[in-house]
Amino acid sequence: MTGPAAQDPRSTTPAPPTPFAPAGRRDRSSDIRLDADGFPLDAEPVRDEPTGGALDLEERSSLRRVPGLSGASTELTDVTEVEYRQLRLERVVLIGVWTQGTAREADASLVELARLAETAGSEVLDGLVQRRQNPDPATFVGSGKVAELRETVQATGADTVIADGELSPGQLRQLEEKLKVKVIDRTALILDIFAQHARSKEGKAQVELAQLRYFLPRLRGWGESLSRQGGGAGGSGGGGVGTRGPGETKLETDRRRIHRRIAKLRREIEAMSTVRETKRGRRQARSVPSVAIAGYTNAGKSSLLNAITDAGVLVEDALFATLDPTTRRWETGDGREVTLTDTVGFVRHLPHQLVDAFRSTLEEVADADLLLHVVDGSDPSAQDQIAAVREVLAGLESPAPSELLVVNKVDAAEPMAIAQLRAALPGAVFVSARTGEGLDRLRARLAEELPHPDVELEVVLPYTEGALVARAHGEGAVLGERHTGDGTVLHARVSEELAASLRASAVDPAHVS
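Residues numbered from 1 in each chain as written. Predicted model: local features only at pLDDT ≥ 70, side-chain atom pairs only at ≥ 80, totals over all residues. Heavy atoms only, no water.

Enquirer: It is not clear to me how the overall build of the protein chain should be interpreted in this structure. Could you clarify?
Expert: Helix and strand counts for the protein chain come out as 15 helices and 16 strands. Within the protein chain, buried positions represent 47% of all 513 residues. As displayed, the protein chain offers around 25,400 Å² of accessible surface, 50% of which is attributable to carbon and sulfur atoms. (Helix = DSSP H or I, 4+ residues; strand = E, 2+ residues; numbered from the N terminus. Buried < 20%, exposed > 50% of the residue type's maximum accessible area, 1.4 Å probe, protein only. Areas by Shrake-Rupley, 256 points an atom, 1.4 Å probe, with all protein chains shown as cover.)

Printed below as a string of structure tokens:
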């Protein structure tokens with residue numbers, strides 16, 4: 001036996017360490033530089049306790065599928081006992097249709113599909129693109145390209161084909177019959193990634209709802225060999241003589257059960273969104289400004305939240321690494337309390353099933369006082385990604401708040417690309433969550449853009465009202481404070497609601513200025 005497996009365990013010569021990455025390679029999402037031995041360069045002091053994000057990353061890594069092992073592929077939860085399309089994404093070939101835009105945009109879309117497939121645990125073997133005015137209604141690509149795709153699948157030994165678009169049930173069936181391998185589309189792939197990464201009860205319910213809505217019109221297998229309708233006198237069942245059978249089919253029974261499950265999930269999500277609205281209402285009642293962090297997936301939103309608030313949330317170089325919104329508190333330079341919420345990332349052609357299912361989560365963006373739109377400055381398609389995010393936000397029922405563009409990862413971008421972005425995005429803030437470059441400017445801009453309290457007053461509060469003084473520091477801007485024999489003299493700018501409470505508790509309400 002040769003190779004690493006044949007190494008003598010009694011040998012005193014230690015085996016060379018397996019390099020995590022080439023020397024100087026940077027993990028763009030986790031923002032850690034690694035040397036040739038895989039050890040971090042310029043690492044920050046190690047925490048005494050692991051963060052929640054580090055624990056999540058360790059658990060996710062421990063559950064990675066191993067290519068080539070049977071049973072290691074992703075399978076959707078079988079909640080209805082039907083033949084769900086089990087996604088075995090191990091060795092895949094990609095196929096896309098270029099209908100509009102430039103060749104660069106078509107290639108970028110296929111590259112993004114490859115990254116999605118790798119995030120789901122696949123090995124991408126090859127990719128094909130066909131230039132067409134419209135996708136073929138029967139097979140997505142033309143008959144000649146189907147034959148070429150079949151040859152590519154046989155030559156590479158692929159077991160799955162992923163289409164860069166949403167396929168109709170008929171297109172799925174036709175392609176599988178011609179290619180003799182499993183075929184899935186971009187929507188099913190994204191749903192699979194969401195199913196792997198959902199952590200909270202609300203997130204799992206939202207993903208399951210999106211999955212059921214997607215798979216409902218694509219149910220097949222159980223009912224194809226059975227009659228669809230029971231008989232009836234004189235052919236009243238609709239089929240006539242020779243078509244009456246044993247009654248309702250398994251396919252129709254499963255479809256009805258899925259409808260019931262969808263209705264139940266909608267009720268559960270609505271109840272959970274009520275809890276979220278209650279928490280949001282409490283913050284609004286206290287006049288705590290809120291910032292929603294949104295942007296394209298893997299743009300560094302979680303890294304930026306960690307850099308600003310030391311939140312310790314999960315950071316991974318993968319698409320859709322975090323799905324559940326995370327809210328952390330932060331104080332501005334003048335002492336005002338602010339909440340920052342990291343929301344789900346966006347992607348081109350985000351499935352409408354996910355947009356509908358995650359609508360309660362996206363409400364965090366609509367109800368915020370400021371939208372922090374994070375852009376990956378090192379991506380050649382940065383401006384296209386900005387347009388994709390804005391397209392999704394435009395589809396929300398409530399208008400999005402004012403936007404502050406933040407171009408992240410400037411340390412990994414080419415100087416010419418950054419110069420072009422500065423010219424195209426004059427109001428943006430350019431930062432690096434890894435090196436800390438520009439973070440002070442970002443904090444200052446956040447303090448400027450957030451709403452300021454409206455009422456300025458000077459009041460003398462008795463020393464027993466320490467809680468109100470603390471609220472003034474947390475929710476408003478304290479301009480001056482001194483202590484006298486009568487109490488605390490507070491000069492502050494606060495909201496109308498807090499100003500009313502301060503006046504009511506003043507030592508002499510008639511002399512509040």
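Enquirer: Please clarify how the side chain of glutamine 385 should be interpreted in this entry.
Expert: Of note, glutamine 385 is situated in helix α11 (residues 382-394). What glutamine 385 contacts, discounting residues up to four positions off in sequence, is Tyr296, Arg348, Asp376 and Asp379. (Contact = heavy atoms within 4.5 Å.)

Enquirer: Just to check I follow, could you spell out the sheet that holds strand β16 (residues 488-494) for this structure?
Expert: Within a sheet, adjacent strands bond to each other through the backbone by hydrogen bonds, running parallel or antiparallel. Read across the sheet, three strands follow the order β14-β16-β15 without closing on themselves; strand pairing throughout is antiparallel. Only two strands of the sheet have a single partner each, and these edge strands are β14 (455-461) and β15 (477-483). When the angles between neighbouring strand axes are averaged without regard to direction, this sheet yields 10°. In terms of strand pairing, β14 meets β16 through seven bridges, oriented antiparallel. Counterpart to glutamate 456 in the pairing with β16 is arginine 493. The sheet strands contacting helix α14 (residues 466-475) are β14, β15 and β16, and the helix crosses β15 at an angle near 145°. Helix α15 (residues 496-505) contacts β14 and β16 of the sheet and is inclined by roughly 25° relative to β14. (Pairing = 2+ DSSP bridges. Axes fitted to C-alpha atoms, helices over the stretch in contact; angles between N-to-C directions.)

Enquirer: Would you mind showing me how to read the layout of surface pockets here?
Expert: Empty space left among the atoms is revealed by rolling a probe the size of a water molecule over them. Within this model, the second largest pocket holds a volume of roughly 890 Å³. Of all the secondary-structure elements, those providing two or more residues to the lining of the second largest pocket are β4 (91-98), α2 (103-119), α5 (186-197) and α11. Looking at side-chain class alone, the lining of the second largest pocket contains 14 nonpolar, 10 polar and eight charged residues. (1 Å grid on protein atoms, 1.4 Å probe; cavity = no way out; pocket = protein on both sides within 12 Å on 5 of 7 lines; lining within 4 Å. Points joined across faces, edges and corners; volume = space filled by probe spheres on them. Nonpolar A, V, L, I, M, F, W, Y, C, P; charged D, E, K, R; others polar.)

Enquirer: Please explain helix α13 (residues 439-449) as it appears in this structure.
Expert: In an α-helix there are 3.6 residues to a turn, and that puts residues three or four apart on one side. Within α13, the full set of buried residues consists of Leu439, Leu442, Leu446 and Ala447. Here the buried residues of α13 occupy an arc of 135° about the axis, which is enough to place them on one side. Turned more than 90 degrees away from the buried face of α13, the exposed residues are Asp440, Arg441 and Glu448. (Arc of directions from axis to C-beta.)

Enquirer: Even after reading the chapter, I still don't get the pattern of salt bridges, so can you show me in this structure?
Expert: Side-chain pairs of opposite charge can arise where the charged atoms are in close proximity. Per the counting criterion, the structure on display carries 15 salt bridges. Put simply, glutamate 123 and arginine 91 hold a salt bridge, and the shortest N to O gap is 3.5 Å. In this pair, glutamate 123 is assigned in strand β5 (residues 123-131) and arginine 91 in strand β4, connecting sequence segments 32 residues apart. On the basis of relative accessible area, glutamate 123 is assigned to the partly exposed category, the value being 35%. Note that glutamate 112 and arginine 186 form a salt bridge whose closest N and O atoms lie 2.6 Å from each other. With glutamate 112 in helix α2 and arginine 186 in helix α5, this pair connects stretches of sequence that are 74 residues apart. Accessibility classification places glutamate 112 together with arginine 186 in one group, the buried group. Three or more residues are tied together by salt bridges with common partners; here these are Glu112, Asp164 and Arg186. (Salt bridge = Lys/Arg side-chain N within 4 Å of Asp/Glu carboxyl O.)

Enquirer: I would appreciate a short explanation of the side chain of serine 381 in the present structure.
Expert: Take serine 381: it is sitting in the loop between β11 (370-376) and α11. Note on serine 381: relative accessible area 5%, which makes it buried. Among residues more than four places away in sequence, those in contact with serine 381 are Arg104, Ala108 and Arg348.

Enquirer: Could you clarify how one ought to interpret the sheet that holds strand β12 (residues 403-408) in this entry?
Expert: Strand order in the open sheet made by the six strands is β9-β10-β8-β11-β12-β13, with mixed pairing throughout. Looking at strand neighbours, the two that pair on one side only are β9 (326-331) and β13 (429-430), the edges of this open sheet. Relative to strand β10 (residues 337-342), strand β8 (residues 290-295) runs parallel, the two sharing four bridges. Bridge assignment links valine 291 to a residue of β10, and that residue is leucine 340.

Enquirer: Is there a simple way to explain the nonpolar core in this structure?
Expert: As a rule of thumb, nonpolar side chains are buried together in soluble globular proteins. If you look at the biggest cluster of nonpolar residues, it comprises 57 residues, and the most contacted ones within it are Val161, Ile162, Leu179, Leu189 and Phe346. At six residues, the largest contribution of residues to this core is made by α5. Of all hydrophobic cores here, the second largest spans 21 residues; its members include Val291, Leu305, Trp330 and Val429. (Core = buried A, V, L, I, M, F, W, Y, C linked by side-chain atoms within 4.5 Å.)

Enquirer: Help me out: how do you make sense of the packing of aromatic side chains in this one?
Expert: The geometry of an aromatic ring pair comes down to the distance between the two centres and the angle between the two planes. Within the structure shown, the criterion is met by one aromatic pair. Both rings, one in tyrosine 214 and one in phenylalanine 215, keep their centres 5.0 Å apart while their planes meet at 80°; by these two values the pair is edge-to-face. Each member of the pair, tyrosine 214 as well as phenylalanine 215, carries the same accessibility label: buried. Above the ring of phenylalanine 430, the side-chain terminus of arginine 422 is found at 4.3 Å from the ring centroid. (Phe/Tyr/Trp six-rings, centres within 6.5 Å; stacked < 30°, edge-to-face > 60°. Lys NZ or Arg CZ within 6 Å of the ring centre and 35° of its normal.)

Enquirer: What exactly am I supposed to notice about the pairing of β12 here?
Expert: Consecutive side chains along a regular strand alternate between the two faces of the sheet. In terms of burial, β12 is largely enclosed, as five of its six residues are buried. Handedness of the crossover joining β11 and β12 through α11: right-handed. With two bridges connecting them, β12 and β13 associate as parallel partners. The residue bridging valine 406 from the neighbouring strand is valine 429, located in β13. (Right-handed = clockwise from strand over helix to strand, strands pointing away.)

Enquirer: Would you mind going over the pairing of strand β7 (residues 182-185) with me for this structure?
Expert: In this structure, strand β6 (residues 160-163) lies alongside β7, joined through four bridges in parallel fashion. Bridging across to β7, threonine 160 finds its partner in lysine 182. Once you follow β6 into helix α4 (residues 169-179) and on to β7, the crossover reads as right-handed.

Enquirer: For this particular structure, what's the right way to read unusual backbone geometry?
Expert: The phi angle of most residues is negative, glycine excepted, and most peptide bonds adopt the trans form. Positive phi, normally seen in glycine, also occurs at lysine 180, with a value near 65°. Looking at where lysine 180 falls in the secondary structure, it is placed in the loop between α4 and β7. When its relative accessible area of 62% is taken as the criterion, lysine 180 is described as exposed. One non-glycine residue, lysine 409, lies in positive phi territory at about 65°. Within the fold, lysine 409 resides in the loop between β12 and α12 (415-424).

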